[in-house]
Amino acid sequence: MNFYAIRAIFGYELSRFWRTLMQSLITPVISTSLYFIVFGSAIGSHMAQMEGVGFSAFIVPGLIMLSVLTQSISNGSFGIYMPRFSGTIYEVLSAPISSIEIVLGYVGAAATKSIILGLIILATARFFVAFSILHPIWMLGFLILTSITFCLLGFIIGIWADGFEKLQIVPMMIVTPLTFLGGSFYSINMLPPFWQKVTLFNPVVYLVNGFRWSFYGQSDVSVELSLGMTALFMVACLVVISIIFKTGYRIKT
Amino acid sequence: MPSSPIISVTSLSKTYASGYKALDNVNLEIQPGEIFALLGPNGAGKTTLINIICGIVNPTEGKVLASGHDVIKDYRQARSKIGLVPQELTTDMFEKVWHTVNFSRGIFGKAPNKSHIEKTLKQLSLWHKKDSRIMALSGGMKRRVMIAKALSHEPQILFLDEPTAGVDVELRRDMWDMVRELRKTGVTIILTTHYIEEAEEMADRIGVINKGKITLVEDKAVLMKRLGKKKLTLQLQNPLKDIPKSLASYELELSKNGTEISHVYDVQSEHTGIADLMNKLRNEKIEVKDLQTEQSSLEEIFVSLVHS
């Protein structure tokens with residue numbers, strides 16, 4: 001294992017994170033704070049409790065997930081897309097480094113950024129809403145698992161994209177709607193039975209519910225199912241990435 | 001006994017997905033410690049060959065060994081011996097010189113070594129720019145940064161793909177000096193270039209690639225001797241109106257109002273005919289004031305090879 005190479009990529013990506021602090025950290029924190037102010041404090045005070053939890057507190061896990069998912073995809077995709085775009089990928093391809101080490105470096109850095117972001121948003125939420133975390137270890141576990149999984153998805157998008165437009169399409173057109181429709185702001189039990197069944201095809205439902213369970217001990221789907229579906233999604237991403245490296249898709253001619 | 005080659009390319013071919021055949025059964029051996037210049041017109045396959053050796057492009061057929069290691073099966077060993085300076089100035093423009101060079105060392109699996117990076121930056125006159133962002137550097141400085149990155153992991157083999165493209169004359173000469181210094185440290189250097197002058201100035205051996213095929217590999221001096229023509233120019237004491245008929249077989253050219261005769265001859269031929277020519281000039285009472293010979297340049301040789 002080329003640990004120095006993994007460390008080099010990891011450190012390089014994190015240094016980019018600190019260099020672009022405004023874009024990578026402050027912007028999502030500000031936008032999430034606005035959600036808390038509008039949906040939590042302003043509207044939430046007039047909403048009924050959801051599954052025994054005040055609306056403002058109920059949306060905390062969902063809002064954290066919304067940011068973590070979009071930022072994970074963004075971090076994961078930019079990390080590998082930028083070297084492809086600028087041509088500096090030549091250095092990675094010509095280095096004595098395996099595909100696993102490349103993924104560990106880029107996805108590891110992207111996931112670290114997402115986890116830091118998630119924890120900062122969690123801390124920020126405390127300024128606006130009072131909430132408790134019933135299972136903090138599980139909460140951290142879900143946060144890490146989700147960050148890694150969606151950074152892997154971002155990595156795939158970063159290799160697939162051949163322009164900045166494509167890089168934005170998946171997070172904006174697919175992930176954000178899925179997150180909004182995945183029970184971030186409501187319990188899926190509030191939906192008519194038909195739409196409840198449709199919603200179960202949305203992978204974000206399992207992420208949000210697993211995460212919410214770690215906060216309040218309640219979820220619309222069982223925690224085992226949430227964990228299993230997230231792990232399944234992660235495995236699917238790993239399989240796609242291994243195919244990408246085996247075939248050299250969009251990396252090697 | 002000759003040492004084993006540091007780079008060995010055997011029956012290497014590359015056909016891109018578009019069907020374009022960039023390399024066609026290339027065989028090439030580079031000896032340790034030499035400066036090898038690969039010449040060829042645009043699209044000849046120079047960069048494809050380098051990229052396959054460095055692991056950036058997959059070969060369609062054939063085998064490449066770098067320092068005795070297969071570049072595919074034993075890629076870690078092979079790649080750790082190679083440094084590459086690509087044709088384009090491709091680096092993170094927002095990054096600082098010190099960080100980007102250290103990144104390159106790390107990605108090649110080497111433990112951090114500040115003193116080596118410092119030495120490399122000083123060798124390339126970049127030390128005073130170590131905290132500058134790359135975007136703030138001049139084109140020549142950026143090119144040096146690329147070289148520093150390639151040297152950061154102490155490679156045995158250095159590929160320079162068009163190292164002085166777009167670089168001014170002074171900097172080009174600095175680069176040549178730097179390459180010679182590197183060779184003294186035992187680094188094998190393979191450079192591709194459009195500038196024949198560059199190959200003529202620096203290379204020990206020259207390879208010519210055209211349409212994906214290596215058409216010639218030769219010691220530079222031997223190549224110039226073997227393929228070179230010489231031009232003899234005679235300055236005359238008194239101007240001539242015409243070349244005398246007795247000298248017609250020499251295909252002489254009269255210029256400068258009849259005060260200069262030039263004759264191109266093959267240095268390889270057993271009888272260059274120079275002595276006969278001088279005798280006949282004396283017989284014709286043509287007095288020679290001065291004479292000079294001029295060896296044909298590598299550029300002329302290259303053009304004749306590529307278009308033959």
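From a predicted model like this one, the values you see are computed outputs, not experimental measurements.

Cut-offs used in this document
- Numbering of residues begins from 1 in every chain and follows the order in which that chain's sequence is written.
- To label them, take the chains in the order written and letter them from A, then take the ligands in the order written and number them from 1.
- A pLDDT threshold of at least 70 governs which residues receive local features in this predicted model, and a stricter bar of 80 or more applies before side-chain atom pairs are shown or counted, although totals over entire chains, interfaces and linings include all residues.
- Where side-chain values are given, they derive from all heavy atoms of the structure, hydrogens and water being excluded.
- A run of H or I in DSSP counts as a helix once it spans at least four residues, and a run of E counts as a strand once it spans at least two, with each numbered from the N terminus.
- Using C-alpha atoms as the atom set, the radius of gyration is obtained and then compared with a globule rule of 2.2 Å times the number of residues to the power 0.38.
- Residue contacts follow a heavy-atom distance rule, with two residues in contact if any of their heavy atoms lie within 4.5 Å.
- Note on areas: Shrake-Rupley, 1.4 Å probe, and residue coverage restricted to the protein chains presented here.
- Two strands are counted as paired when DSSP detects at least two bridges linking them.
- In this description, a line fitted to the C-alpha atoms serves as the axis of each element, helices being fitted only across the stretch in contact, and the angle between N-to-C directions of two axes falls anywhere from 0 to 180 degrees.
- Think of it in three bands: residues with accessible area under 20% of the maximum for their type are buried, residues over 50% are exposed, and the middle band is partly exposed, with areas taken using a 1.4 Å probe on protein chains only.
- In predicted models, pLDDT denotes the confidence assigned by the predictor to each residue on a 0 to 100 scale.
- Here is the rule for handedness: rotate from the far helix to the near one, and if that takes an anticlockwise turn smaller than a right angle the crossing is left-handed, while a clockwise turn gives right-handed.
- In this count, Pro and Cys sit with the nonpolar residues alongside Ala, Val, Leu, Ile, Met, Phe, Trp and Tyr, while Asp, Glu, Lys and Arg are called charged and the others, Gly among them, polar.
- By definition, no residue in a patch forms a salt bridge, and every one has over 30% relative accessible area; like charges are joined within 9 Å, nonpolar side chains (Val, Leu, Ile, Met, Phe, Trp, Tyr) within 5 Å.
- For this document, the term salt bridge refers to a Lys or Arg side-chain nitrogen within 4 Å of an Asp or Glu carboxyl oxygen.

Caption draft 1: Representation of the overall build of chain B within the structure. A tally of regular secondary structure across chain B gives ten helices and 14 strands. For 308 residues, the compact-globule formula gives about 19 Å, and the C-alpha radius of gyration of chain B, at 24 Å, lies well above that figure. Its C-alpha atoms give chain B principal-axis dimensions of roughly 75 × 45 × 45 Å. Contacts spanning at least 24 positions in sequence make up 69% of the contacts within chain B whose residues lie at least 6 apart. Surface accessibility of chain B: about 15000 Å² in total, with carbon and sulfur atoms responsible for 49%.

Caption draft 2: View of the sheet that holds strand 1 (residues 7-15) of chain B. Residue and element names in this part refer to chain B. Spatially, four strands are ordered 2-1-4-5 in an open sheet, and the strand pairing comes out antiparallel. Since the sheet does not close on itself, it has two edges, and those belong to strand 2 (21-30) and strand 5 (69-70), each with one partner. Bridge analysis of strand 1 against strand 4 (residues 61-66) gives five bridges, and the strand direction is antiparallel. Bridged to S8 within strand 4 is L65.

Caption draft 3: Spatial organisation of the pairing of strand 1 of chain B. Residues and elements named next belong to chain B. Note that strand 1 and strand 2 share six bridges and pair antiparallel. Among the inter-strand pairings, I7 is bridged to a residue of strand 2, identified as I30. Taken together, strand 1 and the strand that follows it, strand 2, pair antiparallel across an intervening segment of five residues, in which G19 is found at a positive phi of about 100°.

Caption draft 4: A look at the sheet that holds strand 7 (residues 157-161) of chain B. All names here are of chain B. Read from one edge to the other, the open sheet built from six strands follows the order 6-7-8-3-9-10, with strand pairing classed as mixed. One side of each edge strand has no neighbouring strand; the edge strands of this open sheet are strand 6 (82-85) and strand 10 (213-219). Sheet twist, expressed as the mean angle between neighbouring strand axes with direction ignored, is 15°. Packing against the sheet, helix 1 (residues 46-54) makes contact with strand 3 (35-39), strand 6, strand 7, strand 8 (188-193) and strand 9 (205-210), and its axis sits at approximately 150° to strand 7. Along the sheet face, helix 5 (residues 139-151) touches strand 6 and strand 7 and points at about 170° away from the line of strand 6.

Caption draft 5: Spotlight on the environment of L232(B). All names here are of chain B. Within the element layout of this structure, L232 appears in strand 11 (residues 229-236). For L232, a relative accessible area of 4% gives the class buried. For the pair L232 and S4, spaced 228 residues apart in sequence, the C-alpha separation works out to 42 Å. Contact partners of L232, with chain neighbours within four places excluded, come to I261, S262, H263, Y265, I274, L277, L291, Q292 and T293.

Caption draft 6: Looking closely at the confidence of the model for chain A. Residues at a pLDDT of 70 or more form 100% of chain A, whose mean pLDDT is 88. Predicted confidence in chain A is weakest over helix 2 (residues 21-43) of chain A, with a mean pLDDT of 80, and strongest over helix 6 (residues 136-160) of chain A, with 94.

Caption draft 7: Fine view of the packing of helix 3 (residues 55-86) of chain A against helix 6 of chain A. All names here are of chain A. The contact between helix 3 and helix 6 brings their axes to 7 Å, and the two run at 40°. The chirality of how helix 3 crosses helix 6 is right-handed. A per-class count over the contact of helix 3 with helix 6 returns 15 nonpolar, seven polar and one charged.

Caption draft 8: Summary view of a nonpolar patch on the surface. Residue and element names in this part refer to chain A. The grouping of M22, I26, I30, L34, I37, V38, I43, M47, F127 and F128 at the surface amounts to a nonpolar patch, some 930 Å² of accessible area in total. Secondary structure elements with two or more residues in the nonpolar patch: helix 2 and helix 5 (99-128). Looking at the nonpolar patch element by element, the count peaks at seven residues for helix 2. Its location among the elements puts V38 in helix 2. By relative accessible area, which is 40% here, V38 ends up partly exposed.

Caption draft 9: Spotlight on the confidence of the model for chain B. Chain-level pLDDT for chain B is 88 on average; 95% of the residues reach the 70-or-more range. Both scores are available for the predicted complex, with the pTM at 0.83 and the ipTM at 0.86.

Caption draft 10: Structural detail: the pattern of salt bridges. Residue and element names in this part refer to chain A. In total, this model carries 16 salt bridges over all chains according to the counting rule given. Between R16 and E13 there is a salt bridge, with its nearest N and O atoms 2.7 Å apart. Pair noted here: R16 and E13 are both in helix 1 (residues 3-19), with a separation of three residues, about one helical turn. The exposure class assigned to R16 is buried, which follows from its relative accessible area of 17%.

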